[in-house]
Amino acid sequence: MNRAHTLLFLLYGFFLQCGARKNVLFIIVDDLRPDLGCFQGADFPTHDDPPPHTPHMDALAGSSLLVRRAYVQQAVCSPSRTSFLTGRRPDTTRVYDLETHFRSAGGNFTTLPQYFRNHGRRSIGIGKIFHQGIKDPLSWSEPDIYPGSSNWDRQNASWQFVPDNLLHANPLIDYKIAQSATKKLGEFATGGKYAHTPFFLAVGFIRPHLPFVSPASFGDLYPLNTLKLPSNNKAPVGMPEVAWFKSNEIRTQYEDIHRSSFTGEINNTIPNNIALDLRRAYYSAVSWVDSQVGVVLDELNRLGLADSTVISLVGDHGWQLGEHGIWGKSTNFELATHAPMMLKIPGLTDSGLSTRRIVEFVDLFPTLVEAVGLPKVSICPENSAHVSTCTEGESFMPLVHNTSADWKHVAFSQYQRHQHRTNIMGYSLRTERYRYTEWPEFSYQTFKPDWTKLHGVELYDHTVDPDENHNRADDTAYATLRANLSWRLHAGWRHASPSLHQAGPALVG
């Protein structure tokens, strides 16, 4: 740490003692892959289209720590959100689907907003924070706000551009979420009913989740003739069948896709004209949400709350836009598990910081706690079912003070499959260079894998294959590496933890 940063660190501690950074604005964007202007380049190598128009999120990144390599623990809405909102991994929360509530399945765990509520913050939830339909009153100081969706938001087509002049009387849901958030911020500003009360405000936007709906003016940002199909629209060579996902959501819930020739089978692709329309509609929906993020951030500034508010913005997982022929999340591939993450801490990240160190989404909980100076959250014991407050992540504040600090070298993700009447759990290890995945049989009684019964193994070398097009698990040149990565995967996150580091074979890559 250089002298200037040391001084900033000391001033940061002083400001915390004075109660400066007392608030948190926690923004979640649904199904947002790291396909933003600020992520272009080596950290998103599959991008084939013009840079996305995301000026507000890019501006936020410019005054934040931009975490270029952040990975979710399970690439689907409820399991991912449950994981980072509790700071625990899916095998602890026991949430693998969209219906299960962690309090009944895993334990009565303290959530991130609940922790802030317990420490004197007024905790507010607006929009989609936990998965839609899952209520968690213990997390909030008042009932969470979920504005009703418009007729435009509820449709049988996979995408639509709505004429702007028709939205005044019937606005899209993300407009309503942004307006609710700005109104709530006003309650904490000077003259508001909660003026000078510290807050934790979680704002969850719906788009670019399917259906890809946005005002027509945002479609104009992406002329169809500027878009391209993904260069890798086939399954990886040597991919085990169990790794495949049949794009169930888009294939079964939307009539236009159901009427097409798309079956979701391996190497069956959506017709090119439909694929281009979908990619354009997705990017337009991203830009639409970016504009609403801007509305909230502008109001925070206008009300004079920005200097006392830590801002975190994340996507809940990535999304595959036809790469490998898959449309959706629900895999262990890079494009599903890699999601955007940025953290703005006034006085520390103002000039903009960027790190390529690997971060996991379970690290968000302890990081936000430390960022505002609340009591640190301890790491969970092996069995934490009856431990209300702990984390299976680590605060990444060391990366705020030194973006190249020695830090985690791996991230863990997982996804379940049921194949041939057998329960299988795919566990994936992402290192600086490789992605390694094993698909063992899994018991929902013990919540443990049987590593002796594998239904597939994958190994992708990102140095020569950043799009994960060639599975090298059976390549003899990678045999020693595969054994090393397998050991790391089986040893689990505790052996990779900077705080709990335990000896093992040297990690290659």
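Calculation notes
- Residues numbered from 1 in each chain as written.
- Predicted model: local features only at pLDDT ≥ 70, side-chain atom pairs only at ≥ 80, totals over all residues.
- Heavy atoms only, no water.
- 1 Å grid on protein atoms, 1.4 Å probe; cavity = no way out; pocket = protein on both sides within 12 Å on 5 of 7 lines; lining within 4 Å.
- Points joined across faces, edges and corners; volume = space filled by probe spheres on them.
- Nonpolar A, V, L, I, M, F, W, Y, C, P; charged D, E, K, R; others polar.
- Helix = DSSP H or I, 4+ residues; strand = E, 2+ residues; numbered from the N terminus.
- Core = buried A, V, L, I, M, F, W, Y, C linked by side-chain atoms within 4.5 Å.
- Buried < 20%, exposed > 50% of the residue type's maximum accessible area, 1.4 Å probe, protein only.
- Pairing = 2+ DSSP bridges.
- Axes fitted to C-alpha atoms, helices over the stretch in contact; angles between N-to-C directions.
- Contact = heavy atoms within 4.5 Å.
- Disulfide = S-S within 2.5 Å.
- Polar contact = N/O pair within 3.5 Å; in protein donor to acceptor, adjacent residues only side chain to side chain.
- Parallel < 35°, antiparallel > 145°, perpendicular 65-115°, else oblique.
- Salt bridge = Lys/Arg side-chain N within 4 Å of Asp/Glu carboxyl O.
- pLDDT = per-residue confidence, 0-100.

Student: Explain empty space enclosed by the protein to me, please; I cannot follow it from the model alone.
Tutor: One simple way to see leftover space: roll a probe sized like a water molecule over the atoms. Taken as a whole and assessed by the stated rule, the structure comprises two cavities of 30 Å³ or more. Taken together, the residues of the lining of the largest cavity break down into five nonpolar, five polar and no charged. Taken as a whole, the second largest cavity encloses approximately 50 Å³ of empty space. In this structure, the second largest cavity is lined by Arg89, Glu360, Glu392, Gly393, Glu394, Lys408, Val410, Phe412, Trp493, Ala496 and Ser497. Taken together, the elements giving at least two residues each to the lining of the second largest cavity come down to strand 12 (410-419) and helix 16 (493-496).

Student: In this structure, what is going on with the nonpolar core? I would like to understand it.
Tutor: Among soluble globular proteins, nonpolar side chains are generally buried collectively. Ranked by size, the top nonpolar core spans 64 residues in total, and within it Leu25, Phe205 and Trp327 carry the most contacts. Ranked by residues supplied to this core, first place goes to helix 11 (residues 272-302) with 13 residues. Listed in part, the 47 residues of the second largest apolar core include Val72, Ala339, Leu343 and Val372.

Student: Looking at this model, I keep getting lost on the layout of surface pockets. Mind explaining?
Tutor: Of the voids in this model, the largest pocket is the one considered here, and its volume is about 960 Å³. Around the largest pocket, the lining comprises 41 residues; the ones closest to its centre are Leu98, His209, Glu249, Gln253 and Lys329. At the level of elements, helix 9 (248-253) and strand 12 are the ones that each hand at least two residues to the lining of the largest pocket. No other element matches the five residues that strand 12 contributes to the lining of the largest pocket. By volume, the second largest pocket amounts to about 840 Å³. What lines the second largest pocket is a set of 30 residues, among which Asp91, Thr92, Phe447, Lys448 and Trp493 lie closest to the centre.

Student: I would appreciate a short explanation of the pairing of strand 15 (residues 448-461) in the present structure.
Tutor: Consecutive side chains along a regular strand alternate between the two faces of the sheet. As judged from the nine bridges shared by strand 14 (residues 434-443) and strand 15, these two strands associate in the antiparallel manner. Across the sheet, the residue bridging to Glu441 is Asp450, located in strand 15. The hairpin turn running from strand 14 into strand 15, its antiparallel successor, is four residues long, and Phe447 in that turn takes a positive phi close to 60°.

Student: I would appreciate a short explanation of the sheet that holds strand 15 in the present structure.
Tutor: As a general point, the strands of a sheet are linked pairwise by backbone hydrogen bonds and lie either parallel or antiparallel. Spatial strand order, 12-13-14-15: four strands in an open sheet with antiparallel pairing. On the outer flanks of this sheet lie strand 12 and strand 15, each paired with one strand and no other. Between one strand axis and the next, the sheet turns through 20° on average, direction left out of account. The strands that helix 15 (residues 479-491) touches are strand 12, strand 13 (422-431), strand 14 and strand 15; relative to strand 14, the one it contacts most, it runs at about 55°.

Student: Explain the state of the cysteines to me, please; I cannot follow it from the model alone.
Tutor: Here is the idea: a disulfide is a covalent bond, and it sits between the sulfur atoms of two cysteines. Taken as a whole, this structure holds one disulfide when the rule is applied. In this model Cys380 forms its disulfide with Cys390; the gap between the sulfur atoms is 2.0 Å. Given an S-S torsion of about 95°, the disulfide between Cys380 and Cys390 has right-handed geometry. You can see Cys380 sitting in the loop between helix 13 (364-371) and helix 14 (397-401) and its partner Cys390 sitting in the loop between helix 13 and helix 14, a full ten residues away along the chain. Considered together, Cys380 and Cys390 belong to a single accessibility category, that of buried residues.

Student: Quick question: what am I supposed to make of the environment of Lys234 here?
Tutor: Turning to its location among the elements, Lys234 is positioned in the loop between helix 8 (216-219) and helix 9. Classification of Lys234 by relative accessible area gives partly exposed; the value is 42%. Looking at Lys234, its side chain comes within polar contact range of the main-chain oxygen of Asn267, at 3.4 Å.

Student: Can you help me understand the packing of helix 7 (residues 173-188) against helix 11 in this one?
Tutor: Angle between the axes and distance between the axes: these two values describe a pair of packed helices. Between helix 7 and helix 11, the least distance of the axes is 9 Å, while the angle of their chain directions is 10°. When the axes of helix 7 and helix 11 are compared, the pair comes out roughly parallel. Across from Asp174, Tyr175, Ala178, Gln179, Ala181, Thr182 and Leu185 in helix 7, the residues of helix 11 making contact are Trp288, Val289, Gln292, Val295, Val296, Glu299 and Leu300. Counted by class, the contact of helix 7 with helix 11 contains nine nonpolar, three polar and two charged residues.

Student: What should I look at first to understand the pattern of salt bridges in this one?
Tutor: Pairing between side chains of opposite charge can happen when the charged atoms of each approach one another. Tallying each qualifying case throughout the model produces 27 salt bridges. A salt bridge links Glu187 to Lys184, with the shortest nitrogen-to-oxygen separation between them at 3.2 Å. Of the two residues, Glu187 and Lys184 are both situated in helix 7; the distance of three residues between them amounts to about one turn of the helix. You'll find Glu187 and Lys184 in the same group, each marked buried. Between Lys408 and Glu360 there is a salt bridge; the shortest N-O distance is 2.7 Å. Note that Lys408 is positioned in the loop between helix 14 and strand 12 and Glu360 in strand 11 (residues 353-360), a separation of 48 residues in sequence. Residue Lys408 shares its accessibility class with Glu360, and that shared class is buried. Through salt bridges with shared partners, one network takes in Asp30, Arg81, Lys128 and Asp316.

Student: Looking at this model, I keep getting lost on the sheet that holds strand 1 (residues 23-29). Mind explaining?
Tutor: Strand order in the open sheet made by the seven strands is 3-5-1-7-10-2-11, with mixed pairing throughout. Since the sheet does not close on itself, it has two edges, and those belong to strand 3 (122-127) and strand 11, each with one partner. The sheet shows a mean angle of 15° between the axes of neighbouring strands, taken without regard to direction. Sheet strands touched by helix 11: strand 1, strand 5 (199-205) and strand 7 (309-315). Its angle to strand 1, the strand with the most contacts, is close to 170°.

Student: Explain the confidence of the model for the protein to me, please; I cannot follow it from the model alone.
Tutor: One rule of thumb: low pLDDT means the predicted coordinates there are not for detailed reading. Looking at the protein, pLDDT values average 93 and 94% of them are 70 or higher. For the stretch residues 8-19, pLDDT sits under 50, and the model shows 19 contacts to residues farther than four places along the chain or on other chains.

Student: Teacher, can you tell me more about the environment of Gly318 here?
Tutor: Note on placement: Gly318 falls in the loop between strand 7 and strand 8 (320-321). A C-alpha to C-alpha distance of 5.0 Å links Gly318 and Ala339, two positions 21 residues apart in sequence. Setting aside anything within four residues of it in sequence, one finds Gly318 in contact with Leu32, Arg33, Lys329, Leu335, Ala336, His338 and Ala339.

Student: Help me understand the environment of Ser497 in this model?
Tutor: Structurally, Ser497 is set in the segment after helix 16. Looking at Ser497, the relative accessible area reads 2%, which means it is buried. Once you skip the residues sitting within four places of it in the chain, Ser497 turns out to touch Ile379 and Glu394. Looking at Ser497, its side chain comes within polar contact range of the main-chain nitrogen of Ser499, at 3.2 Å.

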